[in-house]
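Chain residues, written in single-letter form:
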Amino acid sequence: DCLFTFNQKDKRLIREQYGRDDSRVLNLFLGLEDQILEKQIDSKKRQYGNICFLGQMGRPENHTAAMRLIAIARRVKEQLPTLQVYIVGNQPSEELKRQADDYIHVTGFVDNVDEYLERAWLAVFPLNQGAGIKMKVLRSLAMGTPVVTTMVGAEGIDEDGEVIELAETDEEFADRIMAYFHDVAMMEEKAEKSRTYIKDHFSWEVSESVLEEVYGS
């Protein structure tokens, strides 16, 4: 008699497929965003020209997306000489590590990914594969790092592009990236909106209110 989903997309699919409009959405972020949102983000740490990608690099979809980002970065570098790209995550392949140079950095495992997000101007995820909510996208938004990604990356989080900058082709990614570096005010505004969006849609308080409504205090 009660149905819970982990995101608005599943709630919509249940309504469309089964005619049920009584499902409730619970937070998948498991309270991690509350810890992140409590952090004071120092905007002065943001480094102009710095973008990052997070992921378990042993997963094929992350490897493919990282290689694609590097190809996009080669194009952007011509317009943005200060560009620095950080591919952050454990188990990078030898192929990926060979891409490293003076502005492509393949870190492997790091103790704290948030340090990279704090320094990044943008988090960019050109994902073509993968299902479900991407925790790296949620974490980036919660850190106030504007996100550029595909519909695959935005799935279950912000498929309407309210705070996520959506792109599909390499040309669109390059254009979106350059737009953020050309407009500092837009980046700062999107950073603040990103944190607010996570708080409004994915905080534990939202899930707590749903559970209280269903089961009583």
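Residues numbered from 1 in each chain as written. Predicted model: local features only at pLDDT ≥ 70, side-chain atom pairs only at ≥ 80, totals over all residues. Heavy atoms only, no water.

Colleague: What exactly am I supposed to notice about the overall build of the protein chain here?
Modeller: Each helix and strand counted, the protein chain has 10 helices and eight strands in total. In terms of C-alpha radius of gyration, the protein chain reaches 18 Å, essentially the compact-globule figure of 17 Å for 217 residues. Each principal axis of the C-alpha distribution contributes one length, and for the protein chain these read about 55 × 35 × 30 Å. Out of the 217 residues belonging to the protein chain, those deemed buried represent 47%. In the protein chain, once contacts between residues fewer than 6 apart in sequence are set aside, the share between residues at least 24 apart is 63%. For the protein chain, the accessible area works out to roughly 11000 Å², and carbon and sulfur atoms hold 47% of it. (Helix = DSSP H or I, 4+ residues; strand = E, 2+ residues; numbered from the N terminus. Rg over C-alpha atoms; globule rule 2.2 N^0.38 Å. Buried < 20%, exposed > 50% of the residue type's maximum accessible area, 1.4 Å probe, protein only. Contact = heavy atoms within 4.5 Å. Areas by Shrake-Rupley, 256 points an atom, 1.4 Å probe, with all protein chains shown as cover.)

Colleague: I'm lost on the packing of aromatic side chains in this one. Help?
Modeller: One pair of aromatic rings is described through two measures. These are the centre distance and the angle between the planes. Inspection of the entire model under this criterion finds six aromatic pairs. Centroid distance Y86 to Y116: 5.9 Å. Interplanar angle 55°. Geometry classified as tilted. With Y86 in strand β4 (residues 84-88) and Y116 in helix α5 (residues 114-119), the pair connects residues that are 30 residues apart, well separated along the chain. In terms of burial, Y86 and Y116 fall into one category: buried. Joined through ring pairs, the aromatic side chains of Y48, W121 and F181 make up one cluster. (Phe/Tyr/Trp six-rings, centres within 6.5 Å; stacked < 30°, edge-to-face > 60°.)

Colleague: Is there a simple way to think about the packing of helix α6 (residues 135-142) against helix α9 (residues 184-202) in this case?
Modeller: Any two packed helices are characterised by how steeply their axes cross, that is the angle between the axes, and by the distance between the axes. Contact geometry of α6 with α9 gives a least axis separation of 7 Å together with a crossing angle of 120°. In terms of orientation, α6 and α9 fall into the oblique class. Between α6 and α9, the residues in contact are L138, L141 and A142 and S194, R195, I198 and F202, respectively. Of the residues assigned to the contact of α6 with α9, the class counts are five nonpolar, one polar and one charged. (Axes fitted to C-alpha atoms, helices over the stretch in contact; angles between N-to-C directions. Parallel < 35°, antiparallel > 145°, perpendicular 65-115°, else oblique. Nonpolar A, V, L, I, M, F, W, Y, C, P; charged D, E, K, R; others polar.)

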